[in-house]
Amino acid sequence: MVTTHCLTRGVRAGAQVPCSWSTTCEPYSAAHRRLRIRPGSQRRRWYTVAAADSGNSDFEDELEKATREAAEIHLKSAELAQQQTRRELELATETDKIDESLAEPSRGRSEDQIVQWSQETCTAVEEELHSYWISAGLRTTTAEALARSMVRTRSPYAMDLTLLHAKVERLQRTLPDSDVPKLLAAYPGLLTTEISAVVTSCIYLTTNFDPTSIPTMIEDAPQLLTLADQLNHRITKTLHAVQCLFPKASMDDIKSAIAEEPTLLLKIPEQDREWRTTDIAELPIDIGNSLVFGMRQKYAT
């Protein structure tokens, strides 16, 4: 049995809908249809679909109200996003000023400014820093050591946790594949290094070594990120020295060895010697061990 409701579903208001004469039709609602006999035909019944009831008007009102609320939420979100972006830019500018002042001693803090912390102040600041580094994921002993180091050196970020967090976040965005708090614990000087210098160091490393090895190199020797002005020279000198020590090694093997032992970039350039006449046994034991381990003894004689 087919009802008028089924026949007229989805049909516009006022349309005439045919129904087979042989089919028994049960009226859906007297308010929603009226019977009309098509002239010249007794084989069909025609129904006119009534206009939508007042429920549609209520739906349209609710839809309009929801649209207005959504527009207000969008505008408020955009305003908050702008305020957050402006605040981040202000903090970034402030951290840049701090880093630049420390990079140029003539513009830095005076000795009087550095020692003007009382014992009570040092204790309070150290406790706050300890709590911050714990929340950043460091272990208790590591967080304590880093907090103590920042207080001892009178880091300009020690007295303002907002600026400290802003700098850590900027470093994390610059080094997305690294654990920045761990890098800072290994080498606190990275905290006051300019972001531009960190980016430059990353470019030098990526240009000379396998990009997939860079996060590990940074983790093993975070100090490399603070040597932007001399890193390219250090890389060139280290490659030359290792090639002289292992003349049978390919450049790819040499770069792989340095990538596994990145501290060589810190140690070898400090050696004042003629590398072509140097035997590996003549080198300091830590450099010799790093070279042998990095080359996997493949070319060791």
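Rules behind the numbers
- Residues numbered from 1 in each chain as written.
- Predicted model: local features only at pLDDT ≥ 70, side-chain atom pairs only at ≥ 80, totals over all residues.
- Heavy atoms only, no water.
- Helix = DSSP H or I, 4+ residues; strand = E, 2+ residues; numbered from the N terminus.
- Buried < 20%, exposed > 50% of the residue type's maximum accessible area, 1.4 Å probe, protein only.
- Contact = heavy atoms within 4.5 Å.
- Areas by Shrake-Rupley, 256 points an atom, 1.4 Å probe, with all protein chains shown as cover.
- Polar contact = N/O pair within 3.5 Å; in protein donor to acceptor, adjacent residues only side chain to side chain.
- pLDDT = per-residue confidence, 0-100.
- Salt bridge = Lys/Arg side-chain N within 4 Å of Asp/Glu carboxyl O.
- Axes fitted to C-alpha atoms, helices over the stretch in contact; angles between N-to-C directions.
- Parallel < 35°, antiparallel > 145°, perpendicular 65-115°, else oblique.
- Left-handed = near helix turned anticlockwise from the far one by under 90°.
- Phe/Tyr/Trp six-rings, centres within 6.5 Å; stacked < 30°, edge-to-face > 60°.
- Core = buried A, V, L, I, M, F, W, Y, C linked by side-chain atoms within 4.5 Å.

Caption draft 1: Examining the overall build of the chain more closely. Along its length, the chain carries 13 helices and 5 strands. Residue burial in the chain is summarised as follows: out of 301 residues, 34% are buried. Once local pairs closer than 6 in sequence are excluded, the contacts in the chain between residues at least 24 apart make up 64%. Of the roughly 18600 Å² that the chain leaves accessible, carbon and sulfur atoms contribute 50%.

Caption draft 2: Inspection of the side chain of Gln271 at higher detail. Looking at where Gln271 falls in the secondary structure, it is placed in the loop between helix H12 (264–267) and helix H13 (285–295). Look at Gln271 and you get buried, because its relative accessible area is 18%. Polar side-chain contacts of Gln271 include one of 3.4 Å to the side chain of Arg273. Contact partners of Gln271, with chain neighbours within four places excluded, come to Lys237, Pro284 and Ile287.

Caption draft 3: Quick peek at the confidence of the model for the chain. For the chain, mean pLDDT is 79; residues scoring 70 or higher make up 75% of the total. Here residues 19–37 is modelled with pLDDT under 50, and outside its nearest four sequence neighbours on either side it reaches 41 contacts, counting other chains as well. Segment residues 41–52: pLDDT under 50, and 49 contacts once partners within four positions in sequence are set aside and those in other chains are kept.

Caption draft 4: Main features of the pattern of salt bridges. Enumeration over the complete set of coordinates arrives at 5 salt bridges. Between Arg148 and Glu144 there is a salt bridge; the shortest N-O distance is 2.7 Å. Of this pair, Arg148 and Glu144 both sit in helix H5 (residues 140–152), separated by 4 residues, roughly a single helical turn. By relative accessible area, Arg148 is classed as partly exposed at 35%. Here Asp286 and Lys267 are joined by a salt bridge, their closest N and O atoms 3.5 Å apart. Here Lys267 lies in helix H12 and Asp286 lies in helix H13, a separation of 19 residues in the sequence. Residue classification places Asp286 among the partly exposed residues on the basis of a relative accessible area of 36%. Taken together, the salt bridges that share partners define one network made up of Glu126, Glu144 and Arg148.

Caption draft 5: Representation of the packing of helix H4 (residues 119–135) against H5 within the structure. The N-to-C vectors of H4 and H5 enclose an angle of 140°; their axes lie 8 Å apart at closest approach. Between H4 and H5, the angle is such that the two are oblique. Note that H4 runs across H5; the crossing there is right-handed. Here H4 contributes Cys122, Val125, Glu126, Leu129, His130, Trp133 and Ile134 to the contact with H5, which in turn contributes Thr140, Ala143, Glu144, Leu146, Ala147, Arg148, Met150 and Val151.

Caption draft 6: Local environment of the packing of aromatic side chains. The full count for this structure, using the stated rule, is 1 aromatic pair. A centroid spacing of 5.0 Å and a plane angle of 75° characterise the contact between Tyr132 and Trp133, whose relative ring orientation is edge-to-face. Look at Tyr132 and you get buried, because its relative accessible area is 14%.

Caption draft 7: Quick look at the nonpolar core. Core analysis: the largest hydrophobic core is formed by 61 residues, its most contacted members being Trp133 and Leu205. Element by element, the count of residues in this core is highest for helix H10 (residues 231–245), at 7 residues. Other than its neighbours up to four places away in sequence, Leu205 contacts Ile214, Met217, Ile218, Leu224, Leu231, Ile235 and Leu265.

Caption draft 8: Seen up close, unusual backbone geometry. In this structure, Arg154 is a non-glycine residue whose phi angle is positive, near 55°. Secondary-structure assignment places Arg154 in the loop between H5 and helix H6 (161–174). On the basis of relative accessible area, Arg154 is assigned to the buried category, the value being 15%.

Caption draft 9: Looking closely at the environment of Leu102. With respect to the helices and strands, the residue Leu102 is situated in helix H2 (residues 55–103). Between the C-alpha atom of Leu102 and that of Glu194, which follows or precedes it by 92 residues, the distance is 9.5 Å.

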